[in-house]
Amino acid sequence: MSAPATMLPGFAAADVEVATDAGPPLRIRAATAGSGPPLLLLHGHPQTHATWRAAAPRLAERFTVVAPDLRGYGDSGKPPSDDAHLAYSKRAMARDQVRLMRALGHTSFAVAGHDRGGRVAHRMALDHPAAVERLAVLDIAPTATMYARTDREFASRYYWWFFLIRPAPLPEEMIAGATETFLRTHLREQSGTPGVPEEDLAREYLRCYRDPDTVRAVCEDYRAAATVDLEHDAADAREGRLLTRPLLALWGARGTVGRLYDVPATWREVSGAPVDGEALDCGHLVQEERPGETAARLEAFLAPEPDHR
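All values reported here derive from a predicted model rather than from experimental measurement.

Q: Tell me about the packing of helix 8 (residues 179-190) against helix 9 (residues 199-209), residues and numbers included.
A: At their nearest, the axes of helix 8 and helix 9 sit 10 Å apart, and the two run at 135° to each other. One finds that helix 8 runs oblique with respect to helix 9. When the axes of helix 8 and helix 9 are compared, the crossing they make is right-handed. Residues T179, E180, F182, L183, R184 and L187 of helix 8 form the contact with helix 9, whose participating residues are E199, A202, R203, Y205, L206 and Y209. Residue composition of the contact of helix 8 with helix 9, by class: seven nonpolar, one polar and four charged.

Q: Quick one: what's the story with the nonpolar core, residue by residue and with numbers?
A: With 58 residues, the main nonpolar core has M124, L135 and W267 as its most contacted residues. Sequence-distant contacts of W267, that is, excluding residues within four places in its chain, are made with H122, V137, I140, A141, P142, L243, L247, A249 and V275. With 28 residues, the next largest nonpolar core counts L41, A60, A67 and L138 among its residues.

Q: So what's going on with unusual backbone geometry? Which residues, and what values?
A: Of note, the amide linkage connecting H45 to P46 takes the cis form, showing an omega dihedral of 5°. Mapped onto the elements of the fold, P46 is located in the loop between strand 3 (38-42) and helix 1 (56-59). Despite not being glycine, D115 has its phi angle at roughly 55°, a positive value. Its location among the elements puts D115 in the loop between strand 5 (109-114) and helix 3 (116-127). Residue D139 is not a glycine yet carries a positive backbone phi of 55°. Position of D139 relative to the elements: it lies in the loop between strand 6 (132-138) and helix 4 (143-148).

Q: An account of the side chain of K90 is needed here, citing residue identities and associated values.
A: Looking at the secondary structure, you find K90 in helix 2 (residues 90-103). A relative accessible area of 5% places K90 in the buried class. A distance of 3.2 Å separates the side chain of K90 from the backbone oxygen of Y88, its partner in a polar contact. Once residues within four sequence positions are removed from consideration, K90 is found in contact with R116, R119, V120, R123, D221, A224, A225 and D229.

Q: Account for the sheet that holds strand 3, with residues named and values stated.
A: The strand order across the open sheet built from eight strands is 1-2-4-3-5-6-7-8, with neighbouring strands paired in mixed fashion. Edge strands, defined here as strands with exactly one partner in the open sheet, are strand 1 (12-18) and strand 8 (275-280). Across the sheet, the mean angle separating the axes of adjacent strands is 20° when strand polarity is ignored. Sitting on the sheet, helix 3 touches strand 3, strand 5 and strand 6, and the angle it makes with strand 5 is about 145°.

Reading the values: the criteria
- In every chain, residue numbers begin from 1 and rise along the written sequence.
- Restriction of local features to residues with pLDDT of at least 70 applies here, the model being predicted, together with a cutoff of 80 or more for giving and counting side-chain atom pairs; totals for whole chains, interfaces and linings are based on all residues.
- The basis for every side-chain value is the complete set of heavy atoms in the structure, and neither hydrogens nor water enter the calculation.
- To obtain each axis, a line is fitted to C-alpha atoms, and for helices this fit is confined to the stretch in contact; angles are then taken between N-to-C directions over 0 to 180 degrees.
- Elements are defined by DSSP. Helices are runs of H or I of four residues or more, strands are runs of E of two residues or more, and each kind is numbered from the N terminus.
- Roughly parallel means an angle under 35 degrees; roughly antiparallel means over 145; roughly perpendicular covers 65 to 115; every other angle is labelled oblique.
- Should the near helix be turned counterclockwise from the far one by less than a right angle, the crossing is left-handed, whereas a clockwise turn marks it as right-handed.
- Here, residues are in contact when the closest pair of their heavy atoms is within 4.5 Å.
- Residues are grouped as follows: Ala, Val, Leu, Ile, Met, Phe, Trp, Tyr, Cys and Pro are nonpolar; Asp, Glu, Lys and Arg are charged; all remaining types, including Gly, are polar.
- In plain words, nonpolar cores are sets of buried Ala, Val, Leu, Ile, Met, Phe, Trp, Tyr and Cys residues tied together by side-chain atoms within 4.5 Å.
- Accessible area is worked out with a 1.4 Å probe on protein chains only. A residue is then buried under 20% of its type maximum, exposed over 50%, and partly exposed in between.
- Polar contacts here mean pairs of N or O atoms no more than 3.5 Å apart (in protein, one a potential hydrogen donor and the other a potential acceptor; neighbouring residues in sequence count only if both atoms are side-chain atoms).
- Here, any two strands with at least 2 DSSP bridges between them count as paired.

Any link to function would need more than the numbers given here.
Encoded structure:
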């Protein structure tokens with residue numbers, strides 16, 4: 001059989017089965033390239049691993065890069081959910097990616113996550129501190145912080161946070177009636193740079209979004225974020241659990257997160273390790289709008305210290 005397709009130049013894609021705590025193994029589509037220390041790149045919504053197309057090849061010159069589709073997204077498996085939305089909790093999604101990296105021979109690694117992928121990376125660093133060496137989050141503040149500080153401006157700019165969490169099947173059926181309009185509007189509102197995302201990337205995201213199971217999974221991802229993920233965050237707060245790995249926060253100076261929050265300060269509230277941060281001149285899609293700058297900053301931060309090599 002021919003290898004699965006990927007839009008990342010110089011990368012090879014494969015489907016890897018990872019164990020789940022309940023039910024059959026889960027298929028994870030992952031693209032890999034490069035040599036050197038392992039680096040896991042996690043995409044957000046409504047993207048797939050293809051969002052790293054311009055940044056990943058540069059990173060592969062320094063790292064062994066693994067760029068997967070999260071469960072529910074792209075060409076990865078889309079398991080059924082439950083009333084508690086546990087199947088799409090960031091805890092479950094993080095566990096997938098740790099098991100993927102182990103299947104590829106990486107027991108510890110750096111991780112960079114954009115948007116939803118950043119939330120998965122945050123949970124991964126809390127639940128699997130031995131696996132995560134360094135952590136970068138792109139254009140997010142912690143989920144609990146953003147919900148706790150919601151105001152009219154945030155709710156207006158990030159309306160999908162409140163639309164997608166409505167009980168099934170309302171958002172699923174409404175999106176099914178206007179899939180392309182919904183997706184392209186969403187992408188246009190995320191980007192602060194004309195022409196981004198490029199049309200072939202937008203079409204790739206649309207290909208995946210036209211699968212009703214993808215939309216169902218997306219809604220479950222957001223429903224989990226508003227319920228079980230907040231429960232996990234609250235438990236961490238009660239127990240005094242903080243991040244223990246160095247963290248880099250990058251964000252778009254023209255995006256909502258950068259306008260509404262002191263981004264590094266929000267991460268220092270949940271971290272016991274050093275936090276660094278920097279704004280890039282773009283909107284939310286930092287890895288697509290400023291791929292060279294994003295790759296350079298990730299490379300400088302995520303490369304291991306010389307005595308770790």
